[in-house]
Amino acid sequence: MGESSKIESVLKEERVFYPPQAERDQAYITSKYEYEEIYKYSLADPDGFWSERAKELITWFKLWNRTCYWDFNKPEIRWFEGGKLNASYNCLDRHLEGPNKNKAAIIWQGEPDEEVRVYTYQMLHREVCRFANVLKKLGVKKGDRVSIYLPMIPELPIVMLACARIGAIHSVVFGGFSAEALKTRIQDCEAKILITADGYWRSGKKVESKKNADEALKDCPTVEKCIVVKRLGLDINWVEGRDIWYHEAINDPDISDWCDCEEMDAEDILFILYTSGSTGKPKGVFHTTGGYLVYVTHTLQWVFDLKPEDIFWCTADIGWITGHSYIVYGPLALGATEIMYEGVPTYPHPGRFWELCQKFKVTLFYTAPTVIRALMRAGDEWPKKYDLSSLRILGSVGEPINPEAWLWYHKNVGRGRCPIVDTWWQTETGGFLIAPLPYAIPQKPGSATVPLPGVEPIILRDDGTPAEVNEGGHLCMKRAWPGMLRGVWGDPERFKQVYFSRFPGYYYTGDGARRDEDGYIWIIGRLDDVINVSGHRLGTMELESALVAHPAVAEAAVIGIPHEVKGETIYAFVILREGYQPSEELEKDLKQHVRKAIGPIATPEFIQFVSGLPKTRSGKIMRRILRKIATGQYEDLGDTSTLADPSVVEDLVRTRKEME
Ligand code: WTA
């Protein structure tokens, strides 16, 4: 929690962009009035609203007995209790009966331009069934955990859907995480199987996933088998008896093209996804089948106004929640056609994303502010080179989008025609909570705008009273929605403590926000000790623990400071142990060490060697002071009288000046 009680929003943006008139009549929600009516109804009769949506969007084997039950004090949340369904069935089987059978589900573009693979719904169904049978043959049963450490290749959604088909719980670990990070995540959920690849392309370089997997598996006794997808044909280490080639297993003539779907209860767990919090190790957030599936389809359909003829492209990695909800479950359950891309935005050139929008005639494009800023910096000439006339709606997610980046995106990519949906949500929320309905809600650059139907945000002061209009505070939710997390794997206490204790009776998001006179919500950023680097959440605790694990480090404090492209970048204050001296070499070594412990995204950009840290008498680090020091604002340190040892400030300023 920030030690300063005043939560201030410095952003004051006045411009308003109105929804386009042209395609408005064909939209799902066509006016602000219609939105308001639906919103009112959704709060007045949540059972009615959500059961209508749930029946409209999802195929159930059996309908539920009770639409929702929740009590944030316990906490306990249940949706569609007694309902039976299967996520894989909803993403695949039900599309085979109608005209979608031969429709492209996933158009996969490898990093090399000539590598394109297209899966129709029928093809995807066959592959998922076969792999589900492979898992069954290996003894995987309902409720077992399967860890997945794969890059952005079609096998990733395939194996996720295969798990869902047989009721196994998948836990995808972002392919850019280190062996160490992978290990702790596998250990925490006690996975039986790990699925990985030999390697993948990233910016023209080969990344070796299997090497990390081998390293991680040294300490993962629960893992019986490691299934390996051959992506690059690398020469890899092979553990006889444990390792299995994906292509050999799936092409086994004994494996059938058909696999029955397990009937899952609405509240059976679909997946676990680890995310960073302010304290301790990453949390295994879990989502359940019914509510999650209703929520991702509902939000995707309305916020992106997704129609059968659209080509949707979400540029996120499936290793994050955005990819789970809006590459795998949302679009496929809706029977959409989507693009999946292996590469990065700037390789081989900063026009790559626009080139692909042109190549595949993308209509709905969803990316992150960090990408927009990076591409904005590369110059207007890049989007200019391509025909972007197919685009209809643009989206943004991951962090607040600066109005400047918003306007650039609107003008240069959307050519002034496309509404921008700035979607605010979290791993925990499962899907969008605050976002404009593109043809109904006027957009203000930098604001995620208004709550979606069924969502009731409230902004609270430190003391729990509601904030006034335009007054910053803690963003909380007053009621449950179907897509919200149901728990933290193996740690119900933490679930309660992190999300439901700060303000009893509310869901606590950890974000600061204010609501303006029009009811628009402006997200200020995290108020807990979480750093947002290029839209990736990193806990300061994790970073500090990684640093302290180095033999030279006695103590460390890590903060995020503003960065033009990444949003925030990592700045570490380090106290060395006796016998160690600051040096460039040691600095490099520490950076490398963190990179190895967590992953490249966690590499500190700056390390300042200090002899003490600014702590309160109760031992809490005053990060506010560290932020000022790191950004060179020595004159304006605020009140330092509560420090246990005010003299540390001089040392902080001196060592900071030495870095200049
Ligand atoms: C931030 C990503 C402002 C926020 C889906 C949140 C945003 C955290 C936005 C969740 C947005 C995400 N505007 N801030 N449109 N979207 N955030 O769990 O701080 O990786 O709490 O989920 O990202 O990050 P997570």
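Residues numbered from 1 in each chain as written. Predicted model: local features only at pLDDT ≥ 70, side-chain atom pairs only at ≥ 80, totals over all residues. Heavy atoms only, no water.

An unreviewed UniProt entry lists the protein chain under the name Acetyl-coenzyme A synthetase, with Thermosulfurimonas dismutans given as the organism. What the UniProt record of the protein chain gives under Sequence similarities (unreviewed entry) is the line "Belongs to the ATP-dependent AMP-binding enzyme family." Turning to the protein chain, the UniProt annotation filed under Cofactor (unreviewed entry) states: "Mg(2+)". (UniProt positions renumbered as here; feature names shortened; annotations may be inferred.)

Engineer: Can you lay out the side chain of Ser42 for me, pointing to particular residues and giving the numbers?
Structural biologist: Looking at the element boundaries, Ser42 is found in helix H1 (residues 32-44). A polar contact of 2.7 Å, which involves the side chain of Ser42, links it to the backbone oxygen of Tyr39. Side-chain polar atoms of Ser42 contact the backbone nitrogen of Gly454, separated by 2.8 Å. Sequence-distant contacts of Ser42, that is, excluding residues within four places in its chain, are made with Phe49, Pro453, Gly454 and Arg479. (Helix = DSSP H or I, 4+ residues; strand = E, 2+ residues; numbered from the N terminus. Polar contact = N/O pair within 3.5 Å; in protein donor to acceptor, adjacent residues only side chain to side chain. Contact = heavy atoms within 4.5 Å.)

Engineer: Before we move on, could you go through the environment of Leu590 and cite the residues and values that matter?
Structural biologist: Mapping Leu590 onto the fold places it in helix H17 (residues 584-597). Among the residues examined, Leu590 registers a relative accessible area of 0% and is labelled buried. Counting along the chain gives 58 residues from Leu590 to Val648, while the straight-line C-alpha distance between them is 23 Å. Beyond its immediate stretch of four places on either side in the chain, Leu590 contacts Leu547, His550, Val553, Val574, Ile607 and Phe609. (Buried < 20%, exposed > 50% of the residue type's maximum accessible area, 1.4 Å probe, protein only.)

Engineer: Any details on the sheet that holds strand E25 (residues 521-526)? Residues and values, ideally.
Structural biologist: With respect to topology, 4 strands assemble into an open sheet ordered E21-E22-E24-E25, the strand pairing being antiparallel. Both outer strands of the open sheet, strand E21 (457-460) and E25, are each paired with one neighbouring strand and no more. Geometrically, the sheet is characterised by an average inter-axis angle of 45° between neighbouring strands, direction not taken into account. Pairing of E21 with strand E22 (residues 473-477) involves 4 bridges; the strand directions are antiparallel. From the neighbouring strand, Pro457 faces E22, where its bridge partner is Met477. (Pairing = 2+ DSSP bridges. Axes fitted to C-alpha atoms, helices over the stretch in contact; angles between N-to-C directions.)

Engineer: An account of the site of the ligand is needed here, citing residue identities and associated values.
Structural biologist: Near the ligand lie 17 residues; those nearest to it are Asp422, Thr423, Thr427, Arg526 and Arg537. Measuring from a nitrogen atom of the ligand, one finds a backbone N or O atom of Pro400 at 3.4 Å. Considered on its own, the ligand offers 520 Å² of accessible surface; in the complex 96% of this is hidden by protein. Listed by contribution, the elements that provide at least two residues to the shell around the ligand are helix H10 (321-333) and E25. Broken down by class, the residue content of the shell around the ligand amounts to 6 nonpolar, 6 polar and 5 charged. (Near = heavy atom within 4 Å. Areas by Shrake-Rupley, 256 points an atom, 1.4 Å probe, with all protein chains shown as cover. Nonpolar A, V, L, I, M, F, W, Y, C, P; charged D, E, K, R; others polar.)

Engineer: Describe the UniProt feature "modified residue: N6-acetyllysine" (unreviewed entry) in the protein chain, listing the residues and the values that go with them.
Structural biologist: Residues annotated by UniProt as "modified residue: N6-acetyllysine" (unreviewed entry) correspond here to Lys620. Among the secondary structure elements, Lys620 is positioned in the loop between strand E30 (606-610) and helix H18 (623-630).

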